[in-house]
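What follows is each chain in one-letter form.
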Amino acid sequence: MKKRAVFLDRDGTLSVDSAYPSRYEEIAIYPESFEAVRKLNRAGLLTVVVTNQSAVGRGLLTEHALDEIHARLSSSFASQGARLDAIYFCPHYALAADPRYGEDCDCRKPKTGLALRAEAELGLDLGRSYMVGDKTEDVIFGMNIRAVPVLVLTGFGRESLAVLRERGIEPAHVAENILQAADWILDREGRQAHDPV
Ligand SMILES: [Mg+2]
Ligand SMILES: [Zn+2]
């Protein structure tokens, strides 16, 4: 049976959106993110981070540095008993000086490339998966891959909700933060997440 995932945006969803962090120390994980990820882990849903990181294409950090940031991010979650199953990023930037990153890519959200890679590599059923993020492109990405799109009001969430509604787009759910998004997903799944005693 194919696995199901909760795709999670990084900046503004799992952590504070600080413009183009280039070192792990600049990333502040929201405290409720750990519990959210633990609950999704327990429910048997894969947690897959999908993040646009044009800082690479802008020359602000290397892919190697970004990989290190993500390794430390995963370790932080692991130290809290929470598992990030995979992290996929788009390094591209249309105006990049480095030709590797200036291409018209297929993976910058709301384009679907990151989800299609995860689908192939992890064996996912995208149509029975979820997307949680704080920007319009996260919600539209969720819709583009036919997952259930959830908007969080952290990060750029409030501005994004106004823009989406102007455009007549309504997410499946609007949550205060990632933990409330996870709770909504678990309710919708009709499952009960129990803390181990
Ligand atoms: Mg974001
Ligand atoms: Zn890309």
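What this report covers is the structure whose coordinates are included nearby. (Residues numbered from 1 in each chain as written. Chains lettered and ligands numbered in written order. Predicted model: local features only at pLDDT ≥ 70, side-chain atom pairs only at ≥ 80, totals over all residues. Heavy atoms only, no water.)

Describing the packing of helix α1 (residues 31-42) against helix α7 (residues 178-189)
Thought 1: Where α1 contacts α7, the two axes come as close as 8 Å, and the packing angle between them is 20 degrees. The angle between the axes of α1 and α7 places the two elements in the roughly parallel class. As for the relative orientation of α1 and α7, their crossing is left-handed in sense. For the pair formed by α1 and α7, the contact residues are E32, S33, E35, A36, K39 and L40 on the first element and I178, L179, A182, D183, I185 and L186 on the second.
Thought 2: Taken together, the residues of the contact of α1 with α7 break down into seven nonpolar, one polar and four charged. (Axes fitted to C-alpha atoms, helices over the stretch in contact; angles between N-to-C directions. Helix = DSSP H or I, 4+ residues; strand = E, 2+ residues; numbered from the N terminus. Parallel < 35°, antiparallel > 145°, perpendicular 65-115°, else oblique. Left-handed = near helix turned anticlockwise from the far one by under 90°. Contact = heavy atoms within 4.5 Å. Nonpolar A, V, L, I, M, F, W, Y, C, P; charged D, E, K, R; others polar.)

Description of the packing of aromatic side chains
Thought 1: A complete count under the given rule lists two aromatic pairs for this structure.
Thought 2: Aromatic pair F7 and F141: ring centres 6.1 Å apart, planes at 90 degrees, arrangement edge-to-face. With a gap of 134 residues between them, F7 in strand β1 (residues 5-8) and F141 in helix α5 (residues 136-144) connect regions that are remote in the sequence.
Thought 3: A relative accessible area of 0% means that F7 is categorised as buried.
Thought 4: When the ring of F34 is compared with that of F77, the centres are 4.8 Å apart and the planes differ by 50 degrees; the resulting orientation is tilted. Note that F34 is positioned in helix α1 and F77 in helix α3 (residues 63-79), a separation of 43 residues in sequence. Of the two residues, F34 and F77, neither departs from the other in class, the shared state being buried. (Phe/Tyr/Trp six-rings, centres within 6.5 Å; stacked < 30°, edge-to-face > 60°. Buried < 20%, exposed > 50% of the residue type's maximum accessible area, 1.4 Å probe, protein only.)

Digging into the nonpolar core
Thought 1: V6, F77 and V132 are the most contacted members of the largest nonpolar core, which has 37 residues in total.
Thought 2: At the level of elements, β1, α1, α2 (54-57), α3, β4 (130-133), β5 (148-152) and α7 are the ones that each hand at least two residues to this core.
Thought 3: Of the residues forming this core, the biggest block, six residues, is contributed by α7.
Thought 4: Setting aside residues up to four positions removed in sequence, V6 forms contacts with L40, L45, L46, T47, V48, Y130, V132 and I185.
Thought 5: Counting residues in hydrophobic clusters, the runner-up holds 20 residues, among them C107, L114, L124 and I145. (Core = buried A, V, L, I, M, F, W, Y, C linked by side-chain atoms within 4.5 Å.)

What about the coordination of the zinc ion (ligand 2)?
Thought 1: At this site the zinc ion (ligand 2) is bound by C90 (SG), H92 (ND1), C105 (SG) and C107 (SG), with donor distances of 2.1 to 2.4 Å.
Thought 2: Seen from the zinc ion (ligand 2), its four donor atoms lie at angles of 99 to 118 degrees, and the figure they make is tetrahedral.
Thought 3: Considered as a linear motif, the donors of the zinc ion (ligand 2) on their single chain read C-x1-H-x12-C-x1-C. Taken as a pair, H92 in the loop between β3 (86-90) and α4 (113-122) and C107 in the loop between β3 and α4 lie far apart in primary sequence, 15 residues in all. Like H92, the residue C107 is buried in the burial classification. (Donors = N, O, S within 2.8 Å, 3.2 Å for Na, K, Ca; no water. Tetrahedral: all angles 85-135°; square planar, octahedral: opposite > 155°, others 65-115°.)

Quick look at helix α6 (residues 157-166)
An α-helical turn contains 3.6 residues, so any two residues separated by three or four positions project in the same direction.
Thought 1: For α6, every residue scored as buried is listed here: G157, S160, L161 and L164. Angular distribution of buried residues about the axis of α6 spans 105 degrees; they occupy a single face of the element. Residues of α6 that are exposed and angled more than 90 degrees away from the buried face: R158 and E166.
Thought 2: Close packing links the buried residues of α6 with α5, β5 and β6 (173-175). (Arc of directions from axis to C-beta.)

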